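Structural features, examined
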Amino acid sequence: MIRLKGRIARLSFRTGLVVLGVCVLCYALSFAQMLLPISVTAKGVLWTLLFGMAKACQYSALVILGKEGINRIRARLKS
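What you see is a predicted model; the values in this text were computed from it and never measured. Numbering of residues starts from 1 in every chain and runs along the sequence as written. The predicted nature of this model means local features are confined to residues of pLDDT at least 70 and side-chain atom pairs, given and counted, to a pLDDT of 80 or more, with totals for whole chains, interfaces and linings taken over all residues. As a rule here, side-chain values cover all heavy atoms of the structure and leave hydrogens and water aside.

Focus: the side chain of lysine 43
A run of H or I in DSSP becomes a helix once it reaches four residues, and a run of E becomes a strand once it reaches two; helices and strands are each numbered from the N terminus. Within the secondary structure, lysine 43 is located in helix 3 (residues 40–78). As a buried residue without a salt bridge, lysine 43 has its nearest oppositely charged side chain in glutamate 68, at a separation of 44 Å. Here, residues are in contact when the closest pair of their heavy atoms is within 4.5 Å. Beyond its immediate sequence surroundings of up to four residues, lysine 43 is in contact with Gln33, Met34, Leu36 and Ile38. Remark: exposure states derive from per-residue accessible area (1.4 Å probe, protein chains only) relative to the maximum for the residue type, with buried under 20%, exposed over 50%, and partly exposed in between. Two residue types count as positive, namely Lys and Arg, and two as negative, namely Asp and Glu; His and chain ends fall outside the count. What counts as a salt bridge is simple: a side-chain nitrogen of Lys or Arg found within 4 Å of a carboxyl oxygen of Asp or Glu.

And the structure:
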(Lines give C-alpha, C1' and ligand atoms only; values in the text may rest on other atoms or scores of the structure.)
Protein backbone atom coordinates (compact mmCIF):
# COMPACT_ATOMS: atom_id res chain seq x y z
CA MET A 1 0.00 0.00 0.00
CA ILE A 2 2.85 2.37 0.80
CA ARG A 3 4.46 1.68 -2.60
CA LEU A 4 1.18 2.47 -4.34
CA LYS A 5 0.83 5.76 -2.45
CA GLY A 6 4.40 6.65 -3.43
CA ARG A 7 3.74 5.96 -7.10
CA ILE A 8 0.55 7.99 -7.07
CA ALA A 9 2.23 10.88 -5.26
CA ARG A 10 4.84 11.12 -8.05
CA LEU A 11 2.18 12.08 -10.59
CA SER A 12 2.10 15.69 -11.79
CA PHE A 13 0.08 18.63 -10.50
CA ARG A 14 -1.88 18.71 -13.74
CA THR A 15 -2.84 15.05 -13.34
CA GLY A 16 -4.11 15.86 -9.85
CA LEU A 17 -6.29 18.62 -11.26
CA VAL A 18 -7.74 16.26 -13.87
CA VAL A 19 -8.57 13.68 -11.20
CA LEU A 20 -10.13 16.45 -9.09
CA GLY A 21 -12.26 17.46 -12.09
CA VAL A 22 -13.44 13.87 -12.52
CA CYS A 23 -14.28 13.88 -8.82
CA VAL A 24 -16.52 16.94 -9.22
CA LEU A 25 -18.18 15.38 -12.25
CA CYS A 26 -18.91 12.15 -10.35
CA TYR A 27 -20.40 14.10 -7.46
CA ALA A 28 -22.63 16.04 -9.84
CA LEU A 29 -23.74 12.90 -11.67
CA SER A 30 -24.43 11.03 -8.43
CA PHE A 31 -27.06 13.58 -7.49
CA ALA A 32 -28.27 14.49 -11.00
CA GLN A 33 -29.24 10.87 -11.72
CA MET A 34 -32.01 11.23 -9.13
CA LEU A 35 -33.94 13.19 -11.78
CA LEU A 36 -33.99 10.23 -14.19
CA PRO A 37 -37.27 8.35 -14.60
CA ILE A 38 -35.91 4.97 -13.45
CA SER A 39 -36.69 2.66 -10.55
CA VAL A 40 -35.66 3.46 -7.01
CA THR A 41 -33.40 0.41 -6.95
CA ALA A 42 -31.55 1.54 -10.07
CA LYS A 43 -31.20 5.03 -8.60
CA GLY A 44 -29.71 3.57 -5.43
CA VAL A 45 -27.23 1.47 -7.37
CA LEU A 46 -26.22 4.40 -9.58
CA TRP A 47 -25.85 6.70 -6.58
CA THR A 48 -23.70 4.16 -4.74
CA LEU A 49 -21.41 3.63 -7.75
CA LEU A 50 -21.07 7.30 -8.67
CA PHE A 51 -20.65 8.52 -5.11
CA GLY A 52 -18.07 5.80 -4.45
CA MET A 53 -16.16 6.80 -7.57
CA ALA A 54 -16.30 10.44 -6.47
CA LYS A 55 -14.84 9.58 -3.07
CA ALA A 56 -12.11 7.43 -4.64
CA CYS A 57 -11.19 10.25 -7.03
CA GLN A 58 -11.26 12.78 -4.19
CA TYR A 59 -8.78 10.85 -2.06
CA SER A 60 -6.62 10.02 -5.09
CA ALA A 61 -6.46 13.70 -6.04
CA LEU A 62 -5.45 14.61 -2.48
CA VAL A 63 -2.62 12.07 -2.58
CA ILE A 64 -1.48 13.26 -6.02
CA LEU A 65 -1.61 16.97 -5.17
CA GLY A 66 -0.24 16.78 -1.65
CA LYS A 67 0.09 19.74 0.65
CA GLU A 68 1.96 21.91 -1.85
CA GLY A 69 -0.59 21.28 -4.60
CA ILE A 70 -3.47 22.21 -2.32
CA ASN A 71 -1.63 25.41 -1.39
CA ARG A 72 -1.13 26.20 -5.10
CA ILE A 73 -4.85 25.77 -5.74
CA ARG A 74 -5.75 27.98 -2.77
CA ALA A 75 -3.33 30.68 -3.97
CA ARG A 76 -4.88 30.63 -7.46
CA LEU A 77 -8.40 30.88 -6.05
CA LYS A 78 -7.48 33.87 -3.85
CA SER A 79 -6.12 35.93 -6.75
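And the narrative resumes.
A word on a nonpolar patch on the surface
Here a patch means residues that are over 30% exposed by relative accessible area and free of salt bridges, tied together within 9 Å if like-charged and within 5 Å if nonpolar (Val, Leu, Ile, Met, Phe, Trp, Tyr). The protein chains shown are the only cover counted for residues, whose accessible areas, like all others here, come from Shrake-Rupley with a 1.4 Å probe. A surface patch of nonpolar side chains, amounting to about 210 Å² of accessible area, comprises Leu36, Ile38 and Leu46. Its location among the elements puts isoleucine 38 in the loop between helix 2 (13–32) and helix 3.

Thoughts on the packing of helix 2 against helix 3
Taken N-terminus to C-terminus, the directions of helix 2 and helix 3 make an angle of 145°; their axes are 7 Å apart at the nearest point. Note that helix 2 runs across helix 3; the crossing there is left-handed. Gly counts as polar in this scheme, as do all residues outside two lists: the nonpolar Ala, Val, Leu, Ile, Met, Phe, Trp, Tyr, Cys and Pro, and the charged Asp, Glu, Lys and Arg. Classifying every residue of the contact of helix 2 with helix 3 gives 20 nonpolar, 6 polar and 3 charged. The axes are straight lines fitted to the C-alpha atoms, using for helices just the contacting stretch, and the angles between their N-to-C directions are given from 0 to 180°. What makes a crossing left-handed is the near helix being turned counterclockwise from the far one by less than a right angle; a clockwise turn instead makes it right-handed.

A closer look at helix 2
The span you would expect from a helix comes to 1.5 Å times its residue count less one. With 20 residues, helix 2 extends 29 Å from end C-alpha to end C-alpha; this agrees with the ideal 28 Å at 1.5 Å per step. For helix 2, the set of buried residues is Phe13, Gly16, Val19, Cys23, Cys26 and Ser30. Down the axis of helix 2, the buried side of the element spans an arc of 130°, and every buried residue falls inside it. Away from its buried face by more than 90 degrees, helix 2 exposes Arg14, Val18 and Val24. Read the arc as the range of directions from the helix axis to the C-beta atoms.

Considerations on the state of the cysteines
Note: disulfide means a covalent bond formed between the sulfur atoms of two cysteine side chains. By definition, disulfides here are pairs of cysteine sulfur atoms that lie within 2.5 Å. Considering all chains together, one arrives at 0 disulfides under this definition. For the unlinked cysteine cysteine 23, the closest cysteine sulfur is that of cysteine 57, found at 6.2 Å. Given a relative accessible area of 4%, cysteine 23 falls into the buried group. Distance from the sulfur of cysteine 57, which forms no disulfide, to the nearest cysteine sulfur (cysteine 26) is 5.0 Å.

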